[in-house]
Structure formats: C-alpha cells, structure tokens
Amino acid sequence: VKDSAVTLKLSVLSVVNGNIAVENKTGVLQVVSDLQAMGDGEDAAGDITLKSKGNMQTDETLTAANDVSLTSTDGAITVNAAVTADAGDIEVAAEDDVTTKAKLSASQGEIALTSDAGDITVGAEATAANNVELNTEAGSVAVDGALTSAEGSVEVTADEAITTTADVTATT
C-alpha cells in the first residue's frame, strides 16, 4: 500500500500470511492495530515494512515471521508496543529521534536503531540473537532498558552523550 495522506492510520486483518508493506509518501504513519505477518502452517513467512516521510508511531504490536523494518525519511519514530521478528532482524531508522517504549525481540537476528540527526532512547528491553546496534550521527543515546545480544556484540555510537541506566550484555 502506498498513500499520500497527511496522517495514515494503519489497521489490517489480525494475521497476514505474507508480507505487510505500507508507505506514506507525504505525512505521518500511525499503527492502530496489531500487525502480524506470520500466517499459519510450516510455510508461514512474512516481513513488515513500514515507511513514512513524516513521523511514525506504533501503538500496537508488530510481529513478523522474518524482518521488521520501520523507516521515517524526514521525521521521528516512536515504538509504543512490542516488536518481534521471529527469524529475522529489526531495523528502525529515522531522520530525527528514535524512541522505544516497549520490548524489541529478534530471536534469530539483529536489532539496529539508527538516527541521522536526532537522539535514540531505548526505554524497554531489546534482545537479539546476534548484534544490537544503536547509532546516531548527530545526537545522544540513552539506554534505559536492558540491551542483550545472545551470540553477538552490542555497539552504541553517538555524536554526543551516551548514558545507560540498564544492563548491557553481549555474549560472543
């Protein structure tokens, strides 16, 4: 789905057997229902790919059999509900701030949070089988939720301050 709305509120069927891909080319994207790209049976697979020009806000859970990708080309991203990538990676990339307020889980993949010109705030647990990467080109990083990499590294880079008030664990 591609749209050019000032605000696009996304709500779809509870389970989609396949991919969910939505792009708002001009404005805000807000997720107002659970998104599950899983399907049923052994061959169930799916990615969730959400892209907006403006801010993005996820108010309900996102669950994918494979990858979850959230991108805001000119705004900020706020994750208010859990994001799970069962066999893939979680990537959250924004021009402005990236804020997570709910658990991120990539049970067989990596987690990458990137901001080009803003801050990154991890307000809840982020757990990956492989690497966890937080990178801001022009801001600060605040880690208030535990970062865990079961079989990889945790890398945090910032142009400004890096603060942690939670555990950071990497097992290689």
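## So, the sheet that holds strand β23 (residues 168–170)
- With parallel pairing, seven strands are arranged side by side in an open sheet as β5-β8-β11-β14-β17-β20-β23. Both outer strands of the open sheet, β5 (35–37) and β23, are each paired with one neighbouring strand and no more. On average, each strand axis in the sheet is tilted by 0° relative to the strand beside it, whichever way the strands run.
- By the bridge criterion, three bridges tie strand β14 (residues 104–106) to strand β17 (residues 126–128) in an arrangement that is parallel. In the strand pairing of β17, A106 is matched with A128.

## Digging into the pairing of strand β9 (residues 68–72)
- The element β9 is largely enclosed, with a buried count of four among its five residues.
- With five bridges connecting them, β9 and strand β12 (residues 90–94) associate as parallel partners. Paired with V68 across the strands is I90, a residue of β12.

## A look at the nonpolar core
- Within the largest apolar cluster, 34 residues are counted, with the highest numbers of intra-cluster contacts made by I48, L50, L62, V68, L70, I90 and L113.
- A total of three residues in this core trace back to one element, the largest contributor, which is β12.
- Discounting residues that sit within four places of it in the chain, L113 has contacts with V92, V98, T100, L104, I120, V122, E133, L134 and N135.

## Section: a negative patch on the surface
- On the surface, E95, D96, D97, D116, D119, E137, D159 and E160 cluster together into a negatively charged patch.
- By the element assignment, D119 lies in the loop between β15 (111–115) and β16 (120–122).
- A relative accessible area of 33% places D119 in the partly exposed class.

What counts and how
- Residues numbered from 1 in each chain as written.
- Predicted model: local features only at pLDDT ≥ 70, side-chain atom pairs only at ≥ 80, totals over all residues.
- Heavy atoms only, no water.
- Pairing = 2+ DSSP bridges.
- Helix = DSSP H or I, 4+ residues; strand = E, 2+ residues; numbered from the N terminus.
- Axes fitted to C-alpha atoms, helices over the stretch in contact; angles between N-to-C directions.
- Buried < 20%, exposed > 50% of the residue type's maximum accessible area, 1.4 Å probe, protein only.
- Core = buried A, V, L, I, M, F, W, Y, C linked by side-chain atoms within 4.5 Å.
- Contact = heavy atoms within 4.5 Å.
- Patch = residues over 30% accessible without salt bridge, like charges linked within 9 Å, V, L, I, M, F, W, Y side chains within 5 Å.
- Areas by Shrake-Rupley, 256 points an atom, 1.4 Å probe, with all protein chains shown as cover.
- Salt bridge = Lys/Arg side-chain N within 4 Å of Asp/Glu carboxyl O.
- Lys, Arg positive; Asp, Glu negative; His and termini not counted.
- Charge placed at Lys NZ, Arg CZ, Asp CG, Glu CD.

From the geometry alone we can't say anything about function, so treat these as descriptive.
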